[in-house]
Amino acid sequence: MAHPNPNISEERPVIRQLDEGAINRIAAGEVVERPASAVKELVENAIDAGAHRIAVDIADGGKTLIRVTDDGCGITPEDLPLALSRHATSKIDGSDLLKIHTFGFRGEALPSLGAVGRLSLTSRAAGHEAAVIAVSGGRTEAIKPAALRNGTVAELRDLFFATPARLKFMRSDRAETQAISDTVKRLAMAEPGLGFTLRDVSGGGEGRVTFRADRENGDLFDALHARLARILGREFAENALKIDASRDGIRLFGYAALPTYSRGAAVAQYLFVNGRPVRDKMLTGALRAAYFDFLSRDRHPAAALFIDCDPTLVDVNVHPAKSEVRFRDPGIARGLIVSALRTALAEAGHRASTTVAGATLGAMRPEAAGQARIYQMDRPSSAARSAAYDAQAPGFADLSSAFSGQITEPTAVASPMPEQAEPVEEYLPLGAARGQVHENYIIAQTQDGIVIVDQHAAHERLVYEKLKHQMAETGVAAQALLIPEIVELSAADCARLLEVREDLAAMGLTIEPFGGSAVAVREAPAILGEVNAGAMLRDILDELADQGESQMVQARIEAILSRVACHGSIRSGRRMRGEEMNALLREMEATPHSGQCNHGRPTYVELKLADIERLFGRT
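What this report covers is the structure whose coordinates are included nearby.

Calculation rules
Residues numbered from 1 in each chain as written. Predicted model: local features only at pLDDT ≥ 70, side-chain atom pairs only at ≥ 80, totals over all residues. Heavy atoms only, no water. Phe/Tyr/Trp six-rings, centres within 6.5 Å; stacked < 30°, edge-to-face > 60°. Helix = DSSP H or I, 4+ residues; strand = E, 2+ residues; numbered from the N terminus. Buried < 20%, exposed > 50% of the residue type's maximum accessible area, 1.4 Å probe, protein only. Lys NZ or Arg CZ within 6 Å of the ring centre and 35° of its normal. Expected span 1.5 Å × (residues − 1). Contact = heavy atoms within 4.5 Å. Core = buried A, V, L, I, M, F, W, Y, C linked by side-chain atoms within 4.5 Å. Axes fitted to C-alpha atoms, helices over the stretch in contact; angles between N-to-C directions. Parallel < 35°, antiparallel > 145°, perpendicular 65-115°, else oblique. Left-handed = near helix turned anticlockwise from the far one by under 90°. Lys, Arg positive; Asp, Glu negative; His and termini not counted. Salt bridge = Lys/Arg side-chain N within 4 Å of Asp/Glu carboxyl O. Polar contact = N/O pair within 3.5 Å; in protein donor to acceptor, adjacent residues only side chain to side chain. Pairing = 2+ DSSP bridges.

### Points about the packing of aromatic side chains
- Scanning the model with the defined rule gives 5 aromatic pairs in all.
- Aromatic pair Phe221 and Phe253: ring centres 6.2 Å apart, planes at 80 degrees, arrangement edge-to-face. Here Phe253 lies in strand β11 (residues 250-257) and Phe221 lies in helix α7 (residues 220-232), a separation of 32 residues in the sequence. Residue Phe221 shares its accessibility class with Phe253, and that shared class is buried.
- Aromatic pair Phe221 and Tyr255: ring centres 6.2 Å apart, planes at 80 degrees, arrangement edge-to-face. Residue Phe221 is found in helix α7, and its partner Tyr255 is found in strand β11; the two are separated by 34 residues along the sequence. Each member of the pair, Phe221 as well as Tyr255, carries the same accessibility label: buried.
- The structure contains a cluster of three or more aromatic residues connected by ring pairs, namely Phe221, Phe253, Tyr255, Phe272 and Phe306.
- Here the guanidinium or amino end of Lys242 rests over the ring plane of Phe221, the centre of that ring lying 4.3 Å away.

Right, dumping it as structure tokens:
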């Protein structure tokens, strides 16, 4: 052996009891990974204390100072020493670890922070005097009187000074500050009824406010929508769909963005269970599955989803930082997310993201050389616009008869007619076709703007939805293999694959055990033609290991349907008659998901008249 085995020794190892300081530092290593972890624990304590306003001050990325001030119920002087003891908590009595209604319950955060940093707690409960207690590197000082109106101030300085090795693994101040900001924003999303302030006081003084969210008013959805607009931006709020569904004691609510408002990475996915921010593989997999048919693999949905359920249905004590959870029946939670999101996306119909129009207008605007001139002009009346349509530029009228549909007003009749109720004008969300340009784009006029439609992308989506509907009604046709293909797997992989064989059979892939750890593939989806069964099964197993579920077979089937739809749709370069263009617009309005193509790109762009007028300097 090149190196001696460290586990081989002539002396028998001796079991010894670690001292309290070492125990607390080990616990801190599990609970407090970085400054953002300390902020999370302290802010959650403030929320559990019933605070209405929470202020967080940090310096140097939280390495030298973290101060959390709240107006909660406070701690009495008699309980301050106990608050710094391990496994001492006011949030549970220990009789049932499944009925947890608070963020914290282990009683480890404060003693762990005091073991690796310099922590002081100043608090005042109603009917008691204020007091302060400090602990530095695990050594607790005596309680002293303090001046405080109400609530608690938790101040942590010099994090990890007692464990210098941990400091070497800290990232830059900017990166740590960003992580703290993300943590505070996630907690603020879950509590729209509370006010949050994050201030960077590096260098001393008052510092600067980097994030502020005042208390939101209104009902649950109004307050949540306003809070999400403040944190995630106005564009997310404008393009988000309201989600509210329940199943078997689990409620899902929140907002999910349209597919055309997708991101290049999974950075805008926020999931909460009973108000607790979590990063759970099963939940993110369900979110991805809901958008599976609308986004390409390099695009990711944006959503803020909240799951509320009885605490006995979910175990939050499966991760040291409580960032993961385990549901008693994960299938119910996953199915609820997928079905609720797909229902909301279907109800959105042809709607597309408003950011598409914004990007279009941005591409049209020239670079401003200086202060733009503002031209004050009156908007023409509807009669003037109608006259303008009748007197188009030479040649346009001829084109319109061949390639565009027109909205004609009924002519006046000379003879007197009996009085009738005025006809109600039909509302056309995508307007009426006015023309076709470059034999690929349909120009339609709406009540307050214009719509530009990519005829090929739009019709491709319509054909694709029809093919999917037909497949859902008739099922996936399976083709029996002349000679069943035997695939050798490990015992664990074989068992995992057989657990989902009913789901695979629904997609036309029939497998059976073949003795030992082998499986026999007897049928494959007919639409796939000749398949490499072994490679497909291994791809399915990879997805099962990574996401807990597999959509490999469905993805391949729908990819072929997409290609069929592409070849069967209206091609670019084809001239369309007015009635054809209007028929396409009406079908888009009636078909779910027609606002984006099979790859998540928009099928149309809508420009409001006010936006167009701004392009030309009108007011």
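### Comments concerning unusual backbone geometry
- Residue Asp60 is not a glycine yet carries a positive backbone phi of 55 degrees.
- With respect to the secondary-structure elements, Asp60 resides in the loop between β1 (53-59) and β2 (65-70).
- Of note, Asn274 is a non-glycine position whose phi angle comes to about 50 degrees, a positive value.
- Given the relative accessible area of 32%, Asn274 is considered partly exposed.

### What to know about helix α10 (residues 330-347)
- Taking 1.5 Å per residue as the helical rise, α10 with its 18 residues ought to reach 26 Å, and the 26 Å between its terminal C-alpha atoms agrees with that figure.
- For α10, the set of buried residues is Ile332, Ala333, Gly335, Leu336, Ile337, Val338, Ala340, Leu341, Ala344 and Leu345.
- Those residues of α10 hidden inside the fold are in contact with β10 (240-247), β11, α9 (281-290), β14 (303-309) and β16 (326-327).

### Considerations on the nonpolar core
- In terms of nonpolar packing, the biggest core is built from 58 residues, with Val43, Ile54 and Phe196 touching the most fellow members.
- Core analysis: the second largest hydrophobic core is formed by 37 residues, Ala256, Phe294, Val325 and Ala348 among them.

### Digging into the environment of Phe253
- Since its relative accessible area comes to 6%, Phe253 is described here as buried.
- Sequence separation between Phe253 and Lys242 is 11 residues; the distance between their C-alpha atoms is 7.6 Å.
- With residues near it in sequence (within four places) discarded, Phe253 still touches Leu220, Phe221, Leu224, Ile243, Asp244, Ala304, Leu305, Phe306 and Asp308.

### Concerning the packing of helix α14 (residues 455-474) against helix α19 (residues 578-590)
- Packing of α14 against α19 brings their axes to within 11 Å, and their N-to-C directions diverge by 50 degrees. Viewed along their axes, α14 and α19 adopt a mutual orientation that is oblique. In the crossing of α14 with α19, the sense of the turn from one axis to the other is left-handed. Where α14 abuts α19, its residues Gln455, Ala458, His459, Leu462 and Lys466 lie against Leu584, Glu587 and Met588.

### A closer look at the side chain of Asp70
- Mapped onto the secondary structure, Asp70 falls in strand β2.
- For Asp70, which is buried and forms no salt bridge, the nearest opposite charge comes from Arg53, at a distance of 10 Å.
- Looking at Asp70, its side chain comes within polar contact range of the main-chain nitrogen of Gly72, at 2.7 Å.
- Leaving out residues up to four positions away in the same chain, Asp70 has contacts with Ala46, Ala51, Arg53, Ile54, Asn150, Gly151 and Thr152.

### Concerning helix α6 (residues 173-190)
- In a regular helix each residue adds 1.5 Å, so 18 residues correspond to 26 Å; α6 covers 26 Å between its end C-alpha atoms and thus fits that length.
- Among the 18 residues in α6, 13 count as buried, and that is most of the element.

### Examining the pairing of strand β21 (residues 510-513)
- Bridging between β21 and strand β22 (residues 518-525) involves 4 bridges; their strand directions are antiparallel. Residue pairing in the sheet places Thr510 in a bridge with Glu523 of β22.
- Here β21 hands over to β22 after 4 residues, with Gly515 in that stretch at a positive phi of 85 degrees.

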